[in-house]
Each structure stands twice: as structure tokens, then as C-alpha cells.
Amino acid sequence: MSATQSGQIPPVITIDGPSGSGKGTVAFRMAQELQWPILDSGAIYRVLGLAVHRANIDPTNPDNVGEIVQLAESLPLTFEAEPETGEVVAVLDGEAVGDLIRSDEAGVRASEVAKIPEVRTALLQRQRDFRKFPGLIADGRDMGTIVFADAPVKIFLTASAETRANRRFEQLKQKGIDASLCALLESIKARDERDRTRTVAPLVPAEGAFVVDSSNLSIDEVFSQVFEYSKKVLGM
Ligand code: DC
């Protein structure tokens, strides 16, 4: 029996995949169903990207790595639940930055800092500290491959770039924001390329991961496949 099965180590369900694959929604529903907290690791990179931007540091200049690592190590970031909705928001040095970090620009900045190996190392323990009983849903890119490589349940969600661009387009339209589908597709492809080909923790399915392509599935179908698989593996 593994340490997780025997109850010595809190179990983790890792959900990795590119943005727009539906992993955020699936992670949220899994957390609701199991009553486990979520680690939104992308939010950590997004907040760091924001802090780097505010400090006027160019993340693409290799001379700045030391400064960015220092910021990552001392980042005054907490996640707090809104008293009314229960929604968890990122708080940077006392300021709720939940909305600020959701823009596409913030995603690009996150991807730029996430490319730096020393930054990923600096953020490793901060992410592992979220592992507590009764268990954790960990949402990101390298949750199953690096951060929680010993997780008993690993999920990898994917969807075609076209599907993901369409989903984003619809999301923005609902918010009344004008966007070009073509530009969104290009931006998604560029971000995928950067995330997949970086030297550390590239976006790939973990060994043994349960892979679900959500291109032609509803979010209910994806959730149900992931939930049933997770319950089976955890013996719930
Ligand atoms: O999941 P997201 O869109 O919020 O992530 C924003 C960026 O952060 C994404 O481009 C890649 C990076 N990221 C990462 O490198 N590793 C993670 N575990 C999570 C996100």
C-alpha cells in the first residue's frame, strides 16, 4: 500500500493542460464535489508577472533573473475566500488582484516569468505547502510531472487550439469585450509553443495521466469522466 493510500500523505488530484482546455472549470467542480481546496498554480505565475511588471522589470532580459527570483521568493501573495460568494481570490500585498491577473496580457506576462527555471524552483515549496488533508485539487501545467509527481491521480485535459480560441472568444463576447478570433488563435498558439518547448517543466502529460480531449465534449461530460476516474483510483 502506498503512503497516500494508507492515509499518511494527503492525496492530490493533479489537473494539467493548456488554458481553454476546461481544466479550471473541472478543477472547481471537483473541489466542490469532494470539498477539497484548489491550488490555482497559474494564478501564482500571473501574480508574479504582475509584480514584475509593476517593478518595471523586463522578464525577457536574462540579466534580470536574480531580481525576479528575489521577487518570487518574497512575493506577499495569499489566497482568500470572498466572505459572500466563497470565491477564492489572489491578494497581493493586501490588494485583491483577481480581476487584474485574468487579462490575456497578464497571461502572457505569466508565461514569460514561468519560462525561467530559477523562478519555477523558487515557487516549488510555496505550491507544495498547499498539500493538506483531506486532499488537494492542483490545477496547472506541471502539477503531475513536477510539483506533485507522486500524486495518486493525474489528469491531462487538452483541446484543439481552434476550440480554445473559440471558447475564449465567446467568454470575451459575453463580457462585452471586442476581440478578433484570428488574433486570439495566434496568441494561443504562440503561448502553447512557449509553454510546450520551454526547457523546464514543459507542458506535457505526466506518465500514466488520464488524458481527456475536450474538443468535442461538453464540460459536464469532461467533468463526469474525470470524477468517475478519480473516485475509482482513490477507492471512493
Ligand atoms: O493556467 P493559466 O492560464 O492561469 O497560466 C498562466 C501561465 O502560467 C501559463 O502561460 C503558463 C504558466 N504556468 C506554468 O508555467 N505552470 C503552471 N503550473 C501554471 C501556469
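Residues numbered from 1 in each chain as written. Predicted model: local features only at pLDDT ≥ 70, side-chain atom pairs only at ≥ 80, totals over all residues. Heavy atoms only, no water.

A. A look at the side chain of Arg 109. Residue position: Arg 109 is located in helix α4 (residues 104-114). Since its relative accessible area comes to 17%, Arg 109 is described here as buried. Residues in contact with Arg 109, not counting those within four places in the same chain, are Gly 49 and His 53. (Helix = DSSP H or I, 4+ residues; strand = E, 2+ residues; numbered from the N terminus. Buried < 20%, exposed > 50% of the residue type's maximum accessible area, 1.4 Å probe, protein only. Contact = heavy atoms within 4.5 Å.)

B. Main features of a negative patch on the surface. Side chains of Glu 82, Glu 84, Glu 87 and Asp 99 sit close together on the surface and give a patch of like negative charge. Mapping Glu 84 onto the fold places it in the loop between β3 (77-81) and β4 (88-92). (Patch = residues over 30% accessible without salt bridge, like charges linked within 9 Å, V, L, I, M, F, W, Y side chains within 5 Å. Areas by Shrake-Rupley, 256 points an atom, 1.4 Å probe, with all protein chains shown as cover. Salt bridge = Lys/Arg side-chain N within 4 Å of Asp/Glu carboxyl O. Lys, Arg positive; Asp, Glu negative; His and termini not counted. Charge placed at Lys NZ, Arg CZ, Asp CG, Glu CD.)

C. The site of the ligand, seen in detail. Lining the immediate surroundings of the ligand are 18 residues, of which Arg 46, Arg 120, Arg 141, Asp 142 and Arg 198 lie closest. Contact with the protein chains removes 97% of the 450 Å² of surface that the ligand exposes when unbound. In terms of residue count, helix α2 (residues 41-54) provides more of the shell around the ligand than any other element does, four residues in total. Here the residues of the shell around the ligand sort into four nonpolar, five polar and nine charged. (Near = heavy atom within 4 Å. Nonpolar A, V, L, I, M, F, W, Y, C, P; charged D, E, K, R; others polar.)

D. Structural context of the packing of aromatic side chains. This structure, assessed with the given rule, holds three aromatic pairs. Each ring, one from Phe 79 and one from Phe 130, has its centre 6.0 Å from the other, and the planes form 70°; the classification is edge-to-face. Linking Phe 79 in strand β3 with Phe 130 in the loop between α5 (117-128) and β6 (136-140), this pair joins segments that are 51 residues apart in sequence. Classification of Phe 130 by relative accessible area gives partly exposed; the value is 26%. Centre to centre, the rings of Phe 223 and Phe 227 are 5.3 Å apart; their planes meet at 15°, and the pair counts as stacked. Of this pair, Phe 223 and Phe 227 both sit in helix α9 (residues 219-234), four residues apart, which is roughly one turn of that helix. Classification of Phe 223 by relative accessible area gives buried; the value is 8%. Using a relative accessible area of 12% as the deciding quantity, one classes Phe 227 as buried. The aromatic ring of Phe 223 is capped on one face by Arg 29, whose charged end is 4.4 Å from the ring centroid. (Phe/Tyr/Trp six-rings, centres within 6.5 Å; stacked < 30°, edge-to-face > 60°. Lys NZ or Arg CZ within 6 Å of the ring centre and 35° of its normal.)

E. Fine view of the sheet that holds strand β1 (residues 12-16). Strand order across the open sheet formed by five strands is β2-β6-β1-β7-β8, with parallel pairing between neighbours. Strands at the two margins of the open sheet, each flanked by one partner only, are β2 (38-40) and β8 (210-213). Strand-to-strand twist of the sheet, defined as the mean angle between neighbouring strand axes without regard to direction, takes the value 20°. Two strands pair when backbone bridges link them, and β2 and β6 are joined in this way by three bridges, in the parallel orientation. Bridge assignment links Leu 39 to a residue of β6, and that residue is Ala 138. Across the sheet, helix α1 (residues 23-34) touches β1, β2, β6 and β7 (153-158), and the angle it forms with β6 is around 175°. Against the sheet, α9 makes contact with β1, β7 and β8, and its axis sits at roughly 165° relative to β7, the strand it touches most. (Pairing = 2+ DSSP bridges. Axes fitted to C-alpha atoms, helices over the stretch in contact; angles between N-to-C directions.)

F. The arrangement of helix α3 (residues 65-74) in detail. Among the residues of α3, Ile 68, Val 69 and Ala 72 are the ones counted as buried. Within α3, the buried residues cover an arc of 100° as seen down the axis, which keeps them to one side. Along α3, the residues that are exposed and aim more than 90 degrees away from the buried face are Gln 70, Glu 73 and Ser 74. (Arc of directions from axis to C-beta.)

G. Spotlight on the pairing of β3. Across five bridges, the pairing between β3 and β4 is antiparallel. Each residue of the ladder has a partner; that of Leu 77, found in β4, is Leu 92.

H. Region of the structure containing unusual backbone geometry. Here the amide bond leading from Phe 133 into Pro 134 is cis, since omega sits at 10°, within 30 degrees of zero. By the element assignment, Pro 134 lies in the loop between α5 and β6. In this structure, Gln 35 takes a positive phi of about 60° despite not being glycine. For Gln 35, the position within the fold is in the loop between α1 and β2. Phi at Asn 56 takes a positive value of approximately 60°, unusual for a residue other than glycine. Mapped onto the fold, Asn 56 is located in the loop between α2 and α3.

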